[in-house]
Amino acid sequence: MRLYIALFAFMYDSALVSHVLSRTPEPAHLITVATRFAPSPTGRLHIGNLRAAVVNWLFARQHGGRFLLRLDDTDAARSTEAFADSIRHDLAWAGLAPDAEVRQSERAALYDAALARLVAAGRAYPAYDTPDELDLKRRLQRAAGKPPVYDRSALALTDADRAHLEAQGRRPHWRFRLETAAPVEWTDLVRGATHIDPASLSDPIVKREDGGWLYMLPSVVDDIDLGITHVIRGEDHVPNSAVQAQMFAALGASIPAFAHLSLLTSTEGELSKRLGSAGVDALKAANIEPVALLAFLARLGTSQPIEPFADAAPLIEAFDLAHMGRATARFDMNELVHLNARTVHLLGHEAVADRLPPAIGPALWTLLRGNLKTIAEAADWADILTGQIAPPAMPEDAAYLGEALAHLPPTPWDAATWSGWTAALKTATGRKGRALFHPLRLALTGRETGPEMAALLPPIGRERSQARLAAASMAPAA
Ligand code: GLU
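Throughout what follows, the structure given in this document is the object of discussion.

What counts as what
- Residues numbered from 1 in each chain as written.
- Predicted model: local features only at pLDDT ≥ 70, side-chain atom pairs only at ≥ 80, totals over all residues.
- Heavy atoms only, no water.
- Phe/Tyr/Trp six-rings, centres within 6.5 Å; stacked < 30°, edge-to-face > 60°.
- Helix = DSSP H or I, 4+ residues; strand = E, 2+ residues; numbered from the N terminus.
- Buried < 20%, exposed > 50% of the residue type's maximum accessible area, 1.4 Å probe, protein only.
- Pairing = 2+ DSSP bridges.
- Axes fitted to C-alpha atoms, helices over the stretch in contact; angles between N-to-C directions.

A look at the packing of aromatic side chains
Taken as a whole, this structure holds 5 aromatic pairs when the rule is applied. Between tyrosine 111 and tryptophan 213, the ring centres sit 5.7 Å apart and the planes meet at 75°, which makes this aromatic pair edge-to-face. With tyrosine 111 in helix H4 (residues 108-120) and tryptophan 213 in the loop between strand E8 (205-207) and helix H7 (216-225), the pair connects residues that are 102 residues apart, well separated along the chain. On the basis of relative accessibility, which here comes to 6%, the residue tryptophan 213 falls in the buried class. Both rings, one in tryptophan 418 and one in phenylalanine 437, keep their centres 6.0 Å apart while their planes meet at 35°; by these two values the pair is tilted. You can see tryptophan 418 sitting in helix H18 (residues 417-429) and its partner phenylalanine 437 sitting in helix H19 (residues 433-445), a full 19 residues away along the chain.

Some points on the sheet that holds E8
Pairing within the open sheet is antiparallel, and its 3 strands lie in the order E4-E5-E8. Both edges of this open sheet fall to strand E4 (124-127) and E8, since each of them pairs with a single strand only. Taken over all neighbouring pairs, the strand axes of this sheet differ in orientation by 45° on average, direction set aside. Both strand E5 (residues 173-176) and E8 contribute to a ladder of 2 bridges, which runs antiparallel.

A word on unusual backbone geometry
In this chain, threonine 411 is followed by proline 412 through a cis amide linkage whose omega measures 0°. Unusually for a residue other than glycine, arginine 152 sits at a positive phi of about 60°. Inspection of the secondary structure assignment puts arginine 152 in the loop between helix H5 (131-143) and helix H6 (159-167). For arginine 152, a relative accessible area of 23% puts it in the partly exposed group. Not every positive phi belongs to a glycine, and asparagine 287 is a case in point at roughly 55°. Considering the arrangement of structural elements, one finds asparagine 287 in the loop between helix H10 (280-285) and helix H11 (290-299).

Worth remembering: the numbers are spatial, not functional.
Right, dumping it as structure tokens:
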């Protein structure tokens, strides 16, 4: 029975191992680009995460490839379903829906199989050092002026030593053994030639003594299994890439291309708390359009100009990792707000109709959009054009507005009504220029600025105009 279970476990593991590790290499021209965005569901996405998602998405779309969401939820204590959901929703809102989703918590069998393979190849080993022991070693190393790199004492343990430790109730954690003889080198698609000396790194712990997986190995196993061709992430992962490049090789897989994006800072220089929390909720509250966010994050920190686009297609087409700068990029919410306004001016009615008041049809939208900073502002204009507004107090123009009321042309009103009416008023009052036009705009719209009055007058209509002029021309109570 025991043998049977062991055999079964072996067969099960082998099947997974061959699934992960013995993928026959595809001829280069058949390899489909695949990228992944790999957040941990331990919090909401912030602008830095969203930028990594945007770049991965653009790159995959440009190459007709796949963009995957991988939830790095091996940290069971900190990962929650609510955060996983928020990540899905936020990506969907931003227009970055993934082609597929995997979550690491469901893939432990693959990681165990890979670890078994590394152990068999002498590239992973059990270690029993306690956190206190490791801490003490690091402090002694620092005191001696040495880098706090793990001393690999666990490699010297004999079978008898391990049996003794286990008899005392100690459980092993597992480390990947780095090859330290030569630097790890790659041509980073953002940073160019990159070298890391693995001797400066500790053999990373890949699996904890409680059986929990740490980030490093599962990420590689998944990248192999999912056929990831390009790993695009923040530059804080550069040392991890050196370790992971060795893991890919040790598992017999080809190493994906790496692209490490410069980090993002706020205008204050540091990724501030305020910016850190600038997630999709804050963007929605500021009425930022998803396509404006996309345009902004696609070009932030690149040599390409930040420009408004009505849809993603030209951004996908012009995207190039080679344009991404190495310098830290600054995120300025005000710049995004400005880009958003320029984006709104380009959007067609069909793109925004579901968020407009019903009164704003295609013609009114085209009339209004150039004056809006956000689509939400269209609601104010719906009131101006088809509803009620509070009349502004204009005591100094009361007499003039009374004249205007008296000269109000008869219906029907069209695009020529404004010029006819104001020409008559010019003759009647002798006013001209701003003194002639501005009080009318203010009384009729309640606004200092806005679209052409000639175009606004017909939708406002004679009845509303009459009432507004009457209210505004009322002499203030003495
Ligand atoms: N979960 C890791 C992170 O959020 C993923 C890094 C990666 O893309 O490999 O930093």
